[in-house]
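Overview (structure and organization)
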Amino acid sequence: ETKDYLKKGQDVLVKLLEQRKDPALSLQLAVTYKEQELFDKSLKLLNKVSQDPDADAELRSEAYFHEGEVYFDRKSFANSLKPYEKVDPASSIYGFSRYKKAWALYNLKRNREATEELTQVYQTQKNRKSRLDLKDDLIGSLALFASEEKDDSFIFALSAKNFDSEDRDLFLKSLIRL
């Protein structure tokens, strides 16, 4: 049923794009392809959107983010890093892009880099309104990444240096649950 819905949406988008060039519609079609696991088609369109001079910075950032997602979904974590890094820091999806980059690093067994990435995301996002409220997920993920370091001094320093008391409590509770 979902595949039929996606296919119908895809058909509508293809027809609209035949009538006019629109990078926003192209992005939507690329996302539809991604959801159908038509990854090569999705990547081709995402690349066009990210290079389109008519696409604004937010749209290009979304194209880069979804390109990273295609690689992430394919478990090609190393290839997902560069698109995630290309997302504009002013974009509403920037924090989530860096969050996903950290998970890609974690999946590549680069735990210390993943922890550093998430710490930076936490610091820049903790007081910023973004598309998604990542605070609890960030802190839980930081606890997971840090726990795999098996270095109590690293965990203590991370906790003491980065969190206010409320967030430190959440971090420590997350560590205990692991």
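Everything here concerns the structure above.
To start, this report covers the structure provided alongside it.

What counts as what
- Residues numbered from 1 in each chain as written.
- Predicted model: local features only at pLDDT ≥ 70, side-chain atom pairs only at ≥ 80, totals over all residues.
- Heavy atoms only, no water.
- Helix = DSSP H or I, 4+ residues; strand = E, 2+ residues; numbered from the N terminus.
- Buried < 20%, exposed > 50% of the residue type's maximum accessible area, 1.4 Å probe, protein only.
- Contact = heavy atoms within 4.5 Å.
- Polar contact = N/O pair within 3.5 Å; in protein donor to acceptor, adjacent residues only side chain to side chain.
- Phe/Tyr/Trp six-rings, centres within 6.5 Å; stacked < 30°, edge-to-face > 60°.
- Lys NZ or Arg CZ within 6 Å of the ring centre and 35° of its normal.

1. Things to note about the overall build of the protein
- Within the protein one finds 10 helices and zero strands.
- Helices and strands in the protein line up, N terminus first, as α-α-α-α-α-α-α-α-α-α.
- Relative to its 178 residues, the protein shows a buried fraction of 47%.
- Sequence-distant contacts, at least 24 apart, represent 55% of the contacts inside the protein between residues at least 6 apart.

2. With respect to the environment of Gln51
- As for its position among the elements, Gln51 is in helix H3 (residues 39-51).
- By relative accessible area, which is 51% here, Gln51 ends up exposed.
- The spatial distance from the C-alpha of Gln51 to the C-alpha of Ala63 is 9.5 Å, given a sequence separation of 12 residues.
- A polar contact of 3.4 Å, which involves the side chain of Gln51, links it to the side chain of Ser50.

3. Some words on the packing of aromatic side chains
- Applying the stated criterion across every chain, the model contains nine aromatic pairs.
- Seen in terms of ring centroids, Phe72 and Phe77 are 5.0 Å apart; in terms of plane orientation they differ by 75 degrees. Their pairing is edge-to-face.
- Given the relative accessible area of 16%, Phe72 is considered buried.
- Over the face of the ring belonging to Phe72 we find Lys100, whose NZ or CZ atom lies 4.2 Å from the ring centre.
- Just above the ring of Phe154 sits the side chain of Arg112; from NZ or CZ to the centre is 3.8 Å.

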